[in-house]
Amino acid sequence: MEKNIEIQNKYVIRKMIILITLLLINFYFSQSKKIVNVLPITKTHKLGFYSYDKEFKMYQEPVILSSGKNYKIQGYDADNYSEGEILSLSPNKRYFVLDYIIKGYVEDGVNTILHENYLCVIIDINKRKVVMQMQDGCGGSWNKKNQWIYAEKVRFDGR
């Protein structure tokens, strides 16, 4: 009788270990997000997005992929959007420009109005963070000194 109880206890413990392991595996994979779009930035870095908004046809939650890891871009609001294209890469390949679109519906009590504000950001690839946000300078370009130039003025110095 005692042997049967001991065998049953081992069986129950084994089942509990298997169940806990399966629950942990399920939890781990449910927490990891899938990348929906990947664009090369440099030989060692890529840009990816965690989500795509079908209504607006835009991407959200950009991340930099490097050495097999995904890093959120500090300073890029996860609620903002991107059309999913790198606008420009600096000559030293330390910075890139990405669109930064604020888009959503605003209700005034009577109507629902779509609000859009088109901006762009300069992102430091190695630090994985926004170093500058612009609205009127998005049409600029990099010079050979790694400076972002707009309207013949240095808007960002990436030296």
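You'll find the structure just up there.
So, how was this worked out
- Think of each chain on its own: its residues are numbered from 1, step by step along the sequence as written.
- Predicted model: local features are reported for residues with pLDDT of at least 70 only, side-chain atom pairs are reported and counted for 80 or more only, and whole-chain, interface and lining totals are derived from all residues.
- Processing note: side-chain calculations cover all non-hydrogen atoms of the structure and skip hydrogens and water entirely.
- Strands here are runs of E lasting at least two residues and helices are runs of H or I lasting at least four, both read from the DSSP assignment and numbered beginning at the N terminus.
- Relative accessibility under 20% of the residue-type maximum defines a buried residue, over 50% an exposed one, and the middle range a partly exposed one, all with a 1.4 Å probe and only protein chains included.
- Whether two residues are in contact is decided by their heavy atoms: any pair within 4.5 Å suffices.
- All accessible areas in this document rest on Shrake-Rupley with a 1.4 Å probe, and a residue is counted as covered only by the protein chains that are shown.
- By definition, disulfides here are pairs of cysteine sulfur atoms that lie within 2.5 Å.
- Pairing of aromatic rings covers Phe, Tyr and Trp, the last through its six-membered ring, and needs centres within 6.5 Å; plane angles under 30 degrees mean stacked, over 60 mean edge-to-face, and all others mean tilted.
- We call a charge positioned over a ring when the NZ of a Lys or the CZ of an Arg lies within 6 Å of the ring centre and within 35 degrees of the ring normal.
- The rule for pairing is simple: two strands pair if DSSP sees at least two bridges between them.
- Interaxial angle, 0 to 180 degrees, is taken between N-to-C directions of lines fitted to C-alpha atoms, where a helix line uses only the stretch in contact.
- Definition of nonpolar core: a set of buried residues of the types Ala, Val, Leu, Ile, Met, Phe, Trp, Tyr and Cys, connected through side-chain atoms within 4.5 Å.

Draft legend 1. Quick look at the overall build of the protein. Within the protein, the secondary structure is distributed over one helix and 11 strands. In the protein, the succession of helices and strands from N to C terminus is α-β-β-β-β-β-β-β-β-β-β-β. Looking at the 159 residues of the protein, the share that counts as buried comes to 35%. Excluding contacts between residues fewer than 6 apart, the proportion of contacts in the protein whose partners are at least 24 apart in sequence is 35%. When the accessible surface of the protein is summed, it comes to about 11,100 Å², and 53% of that surface belongs to carbon and sulfur atoms.

Draft legend 2. Main features of the state of the cysteines. Taken as a whole and judged by the stated rule, the model has one disulfide. The disulfide partner of Cys120 is Cys138, and the gap between their sulfur atoms is 2.2 Å. Across the disulfide from Cys120 to Cys138, rotation about the S-S bond amounts to roughly -110°, and the bridge is consequently left-handed. With Cys120 in strand E7 (residues 112–124) and Cys138 in the loop between strand E8 (129–134) and strand E9 (141–142), this residue pair connects regions lying 18 residues apart in the sequence. Taking relative accessible area as the criterion, Cys120 reaches 0% and is therefore assigned buried.

Draft legend 3. Just the packing of aromatic side chains, in detail. The tally for this structure, following the rule as stated, stands at nine aromatic pairs. Between Phe56 and Tyr105, the aromatic rings sit 5.9 Å apart at their centres with planes inclined by 35°, giving tilted as the arrangement. With Phe56 in the loop between strand E2 (45–53) and strand E3 (58–66) and Tyr105 in strand E6 (residues 95–107), this pair connects stretches of sequence that are 49 residues apart. On the accessibility criterion, Tyr105 (46% relative accessible area) is partly exposed. Here a set of aromatic residues connected by ring pairs shows up, and it is made of Tyr95, Trp142, Trp148 and Phe156. The positively charged end of Arg128 is found above the aromatic ring belonging to Tyr71, 3.6 Å away from the centroid.

Draft legend 4. How the structure looks around the sheet that holds E7. Pairing is antiparallel in the open sheet, where four strands are placed in the order E5-E6-E7-E8. Each edge of the sheet is formed by a strand with only one pairing partner; in this case those strands are strand E5 (86–89) and E8. Direction aside, neighbouring strands of the sheet carry axes that sit 35° apart on average. Bridge analysis of E5 against E6 gives three bridges, and the strand direction is antiparallel. Bridging across to E6, Ile86 finds its partner in Leu98.

Draft legend 5. Quick look at the nonpolar core. Counting 16 residues, the largest nonpolar core has Leu47, Ile73, Tyr76, Phe96, Leu98, Val121 and Ile123 as the members making the most contacts within it. Of all the secondary structure elements, the ones that give two or more residues to this core are E2, E3, E6 and E7. Contacts of Tyr76, omitting those with residues within four sequence positions, involve Pro62, Tyr81, Ser82, Leu98, Asp99, Tyr100, Val121 and Val130. Core analysis: the next-biggest nonpolar cluster, separate from the first, contains nine residues, Val97, Cys120, Ile122 and Phe156 among them.

Draft legend 6. Structural context of the side chain of Asn146. With respect to the helices and strands, the residue Asn146 is situated in the loop between E9 and strand E10 (147–150). Given a relative accessible area of 11%, Asn146 falls into the buried group. Discounting chain neighbours no more than four positions away, the residues touching Asn146 are Ser90, Pro91, Asn92, Phe156, Asp157, Gly158 and Arg159.

Draft legend 7. Quick look at the environment of Val121. With respect to the helices, strands and loops of the structure, Val121 is situated in strand E7. Distance in space between the C-alpha atoms of Val121 and Val97 is 5.6 Å, their sequence separation being 24 residues. With residues up to four places along the chain from it excluded, the contact list for Val121 reads Tyr76, Phe96, Val97, Leu98, Tyr100, Val130, Met132 and Gln133.

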